[in-house]
Amino acid sequence: MSTEETITNQGEAEQNDSPQTVSTETRTTQSSVTGPGAEGSATAVASQREDEEETRPAGEDFGQLLDRFEQEQSTLQEGEVVRGTVVGITERGVVIDFGYKSEGIVNPNEFMEDGKITVKRGDEVDVLVKNMETGEGYPVLSRADAVRLRAWDDLEKAYNDGTVIKGRVIERIKGGLRIDIDGIAAFLPGSQVDVRPIRNLDSLRDKQIEAKVIKLNRKRSNVVLSRKAVLEERDAGRKDQTLNQIEEEIIVEGQIKNLTDYGAFVDLGGIDGLLHVTDMSWGRLQNPSELFKVGDTVQVKVLKFDRERERVSLGYKQLLPDPWETIEERFPPATRITGKIASVADYGAFVELEPGVEGLVHVSEMSWSKRIKHPSKIVSPGDTVEVEVLSVDPRARRVSLGMKQVQENPWKTIGERYHVGDRVHGRVRNLTDFGAFIEIEDGVDGLVHVSDISWSRRVKHPGEVLKKGQQVDAVITTIDPDNRRMSLSIKELEPNAWNDFVAAHKPGDIVKGKIARFAGFGAFVELGDNLEGLCHISELSDERVSKPEDAVQIGQEMEFRILRIDAENKKIGLSARAAAREEPIVEQKTYTSQAGGGMASLAELADFGSSSRTSDDEQT
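Here the structure is a predicted model, which means the values were calculated and not measured. (Residues numbered from 1 in each chain as written. Predicted model: local features only at pLDDT ≥ 70, side-chain atom pairs only at ≥ 80, totals over all residues. Heavy atoms only, no water.)

## Quick word on the overall build of the protein chain
Here is step 1 of the chain: Counting its secondary structure elements, the protein chain contains 10 helices and 32 strands.
Here is step 2 of the chain: Considering only contacts in the protein chain between residues 6 or more positions apart, those separated by 24 or more positions represent 60%.
Here is step 3 of the chain: Roughly 34600 Å² of accessible area belongs to the protein chain as shown, and the carbon and sulfur atoms make up 44% of that amount. (Helix = DSSP H or I, 4+ residues; strand = E, 2+ residues; numbered from the N terminus. Contact = heavy atoms within 4.5 Å. Areas by Shrake-Rupley, 256 points an atom, 1.4 Å probe, with all protein chains shown as cover.)

## Some details on helix 5 (residues 143–161)
Here is step 1 of the chain: Taking 1.5 Å of rise per residue, 19 residues should cover 27 Å, and helix 5 covers 27 Å from first to last C-alpha, within 8% of that figure.
Here is step 2 of the chain: Taken residue by residue, helix 5 has Ala146, Ala151, Trp152, Leu155 and Ala158 as its buried positions.
Here is step 3 of the chain: Directly beyond the C-terminal end of helix 5, a positive phi value near 75° is found at Gly162. (Expected span 1.5 Å × (residues − 1). Buried < 20%, exposed > 50% of the residue type's maximum accessible area, 1.4 Å probe, protein only.)

## Brief notes about the sheet that holds strand 30 (residues 531–536)
Here is step 1 of the chain: Spatially, five strands are ordered 28-29-30-32-31 in a closed barrel, and the strand pairing comes out mixed. The average angle at which neighbouring strand axes cross in this sheet is 50°, direction not considered.
Here is step 2 of the chain: Inspection of the sheet shows strand 31 (residues 557–566) paired to strand 32 (residues 571–575) by five bridges, in the antiparallel sense. When the bridges of strand 32 are listed, Arg564 appears paired with Gly573.
Here is step 3 of the chain: Docked against the sheet, helix 9 (residues 497–504) engages strand 29 (522–528), strand 30, strand 31 and strand 32, running at close to 90° with respect to strand 31. (Pairing = 2+ DSSP bridges. Axes fitted to C-alpha atoms, helices over the stretch in contact; angles between N-to-C directions.)

## Topic: the sheet that holds strand 25 (residues 444–449)
Here is step 1 of the chain: Judged by pairing direction, the barrel is mixed, and its five strands sit side by side in the order 23-24-25-27-26 before closing back on the first. Mean inter-strand twist for the sheet, computed between neighbouring axes without regard to direction, equals 50°.
Here is step 2 of the chain: Judged from the five bridges that link them, strand 26 (residues 471–480) and strand 27 (residues 485–489) form a sheet pairing that is antiparallel. Across the sheet, the residue bridging to Asp480 is Arg485, located in strand 27.

## Details of the side chain of His536
Here is step 1 of the chain: In this structure, His536 sits in strand 30.
Here is step 2 of the chain: Residue classification places His536 among the buried residues on the basis of a relative accessible area of 12%.
Here is step 3 of the chain: A distance of 3.0 Å separates polar atoms of two side chains, one belonging to His536 and the other to Ser538. (Polar contact = N/O pair within 3.5 Å; in protein donor to acceptor, adjacent residues only side chain to side chain.)

## Considering the environment of Val502
Here is step 1 of the chain: The topology assignment puts Val502 in helix 9.
Here is step 2 of the chain: On the basis of relative accessibility, which here comes to 31%, the residue Val502 falls in the partly exposed class.

## Remarks on the confidence of the model for the protein chain
Here is step 1 of the chain: Residue-level pLDDT values for the protein chain average 78, and 80% of them are 70 or greater.
Here is step 2 of the chain: Per-residue pLDDT, averaged within each element of the protein chain, yields its smallest value for helix 2 (residues 19–31) (34) and its largest for strand 12 (residues 222–226) (93).
Here is step 3 of the chain: Throughout residues 1–52 the model reports pLDDT below 50, and contacts reaching past four residues in sequence, or to other chains, amount to 41 contacts.
Here is step 4 of the chain: Overall, residues 586–620 carries pLDDT values under 50, and its contacts beyond four positions in sequence, including any with other chains, amount to 64 contacts. (pLDDT = per-residue confidence, 0-100.)

## Focus on unusual backbone geometry
Here is step 1 of the chain: At Asp206, a residue that is not glycine, the phi angle is positive and equals roughly 70°.
Here is step 2 of the chain: Its place among the elements puts Asp206 in the loop between strand 10 (184–189) and strand 11 (208–217).
Here is step 3 of the chain: The phi angle at Arg397 is positive, at roughly 55°, despite the residue not being glycine.
Here is step 4 of the chain: By the secondary structure assignment, Arg397 is in the loop between strand 21 (384–393) and strand 22 (398–402).
Here is step 5 of the chain: Since its relative accessible area comes to 36%, Arg397 is described here as partly exposed.

Put into C-alpha cells, the structure is as follows:
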C-alpha cells in the first residue's frame with residue numbers, strides 16, 4: 001500500500017472515530033522509523049500531536065484538520081530543498097523531521113567527518129527530498145545534494161554579482177587546479193592562480209582559497225574560477241601606499257607568497273618583492289623550501305627598488321651577521337678543524353666549516369701518496385673530514401684547505417730513506433714529452449729526463465724506450481725535499497759506451513756495424529752497446545742513390561770508415577764507400593746539422609765525398 005493510500009485510510013478511520021482504526025494509525029506511525037532510535041521518533045511524533053491538539057482552534061473538527069494537513073503535504077515535492085530538525089540518529093541514518101507526515105532518513109556518511117557524525121539531536125539542517133515514497137515507508141533525504149544545490153545557487157549569485165566565493169584545493173590537474181566548493185568541482189587555471197606565475201602548484205594543495213567565478217554553465221557543470229582577480233582587487237588599494245613607503249636599505253615585513261627554484265616572492269602589501277636564494281643565507285642553500293614555506297611571515301631588507309618598473313629585490317641574510325667579516329680571527333692559517341663535505345667538484349671538494357663558511361680542498365691537497373683522478377674517489381657529500389687551513393681571503397670569500405696536511409708527509413723524511421747515487425726500483429707512472437715519472441713509493445715520484453735514458457741512443461720521446469706501468473731500475477741523481485722533487489737516471493746503470501768508443505777509435509778507423517734504421521738522408525748504423533752512427537746517403541755507395549734502402553737493407557752487416565767523431569754532441573759520421581779504399585779524413589771540418597737529430601751530422605759529407613772523387617779524377 002502506498003503512502004498516499006495509507007494517509008487516505010487513516011483519514012477515513014479518524015472521521016469514523018473508530019478506536020480500531022486509530023490504533024492502526026498509531027502502529028503505522030510507529031513503524032515509519034524502525035531500528036534503534038525508532039522509540040525516540042515515535043515519542044517525538046506523539047509529542048508533536050499533543051502540541052497540535054493543544055493549539056487546535058475551538059470548533060475545528062478533525063476533518064478540517066485533515067484537509068489542511070493534506071494541503072500542506074501536497075506542497076512538498078521531490079527535488080525540493082527543505083529545512084528540517086534532527087530527531088534521532090540510528091544505524092540506518094540520521095532521522096530528520098521536515099514537516100511531513102513521517103520523518104525522513106539521511107545516509108549517515110553525509111554527516112561524517114573523520115569517522116564521526118557532525119550533527120546531534122535538535123540541529124537544524126537543509127536537506128533535499130530525493131524520494132517521498134519508498135518501500136520501507138519513509139522518505140529518503142540527502143544532505144549532500146541540498147548543499148550542492150545551494151552551492152550552485154550561491155555560485156550563480158556570485159557570478160552575477162561578481163562576489164567572492166571560498167573553496168578548497170583538491171588536486172593539481174592539467175592546466176591548473178581542481179577546487180571543491182561544497183561538493184561542486186570547479187577549475188582554477190594556472191594563469192589565474194596568482195598575479196605571478198607559480199611553478200609549484202602542489203604547494204596550494206588542501207588550502208582554502210578565495211576566488212571569483214569567471215565562467216559558469218550549470219547544465220554542463222562547468223565552473224571556472226580566478227584567484228588572481230581577487231588578489232589584484234585586494235592589492236589595488238594597498239599598492240600605492242606601499243610604493244610611497246618603500247625605500248632601499250629599510251627593513252620591511254611581508255608574507256611568503258610563492259616559492260621557486262631561484263627564490264621566493266614576498267607580498268609586501270599590494271606589491272611583491274623577490275628574495276633570491278643567494279640572499280637567503282650566508283651558507284649553502286640548495287632550495288628555498290629548506291628555509292621557508294608559503295605563508296611564512298618574514299622580515300627582509302630592501303636591497304634594490306626600481307620604482308618605475310615596480311621591482312623590489314629583498315635580502316634575508318643581510319639582517320644576520322656576516323661570518324666572513326671575522327673569518328681571519330676564527331680560522332687563521334695552520335688551524336686544524338673538522339668539517340663536513342658540502343659538495344664535490346672535478347677540481348676538489350667544498351667543506352663546510354660553519355654555517356655560511358665553506359672552504360675548498362683542491363684535489364692536489366687531498367693526499368700525499370694517492371694519485372687522485374677525481375675527488376669523489378676520496379670523499380662524498382656528508383662525509384666528516386679533518387682539514388688544515390692553508391690560506392684565507394675575506395674579500396674573495398675564499399678559504400683554501402688541505403687534507404693531506406693532517407697526514408704524514410713522506411718528503412719530510414725522504415733524506416732518511418734515500419741518498420744521491422742510490423739505485424732504486426719503481427714503476428713508470430706517467431710519460432711526458434720531456435721524460436718519465438717513476439713511482440718509487442706512495443707519494444714519492446722521480447723524474448727520468450729524456451736525456452738520461454741512454455748514453456748513446458738519441459731518444460726523442462721516452463715512449464720509444466719505456467712503457468707506462470713498466471718496472472725499471474734507476475739511479476738517484478738529485479733530491480729536493482722542499483719542492484718534493486727527485487731526479488733519476490737510467491743510463492747511469494750502464495757503462496758509458498760513448499767514452500769507451502771514443503777512447504778506442506778515431507776518424508779513419510774501420511768499424512763493423514749493422515744497418516738499424518733508415519732516414520731520408522741516410523741510414524743509422526748500430527755499432528754495439530746502444531751506440532749508433534750515421535752513414536749519409538751519399539756515403540752508402542759509389543753510385544748515386546735516391547733512397548738509402550736502394551743501397552743497403554735493414555740488418556745488413558757492413559764495414560764503415562769513421563769520418564767524424566763529434567764529442568760535444570756525441571755523434572759519429574760513417575762512410576761505407578770510403579771503407580773500400582783509403583781516403584783522406586778531414587777531422588777539423590765543421591759540419592752543420594741537417595740530419596734531423598740523428599747520431600751523426602753528415603750534411604756536408606756529400607760535399608766531402610764529391611771533393612774526394614774530384615781529387616781522384618784530377619789525379620787520374
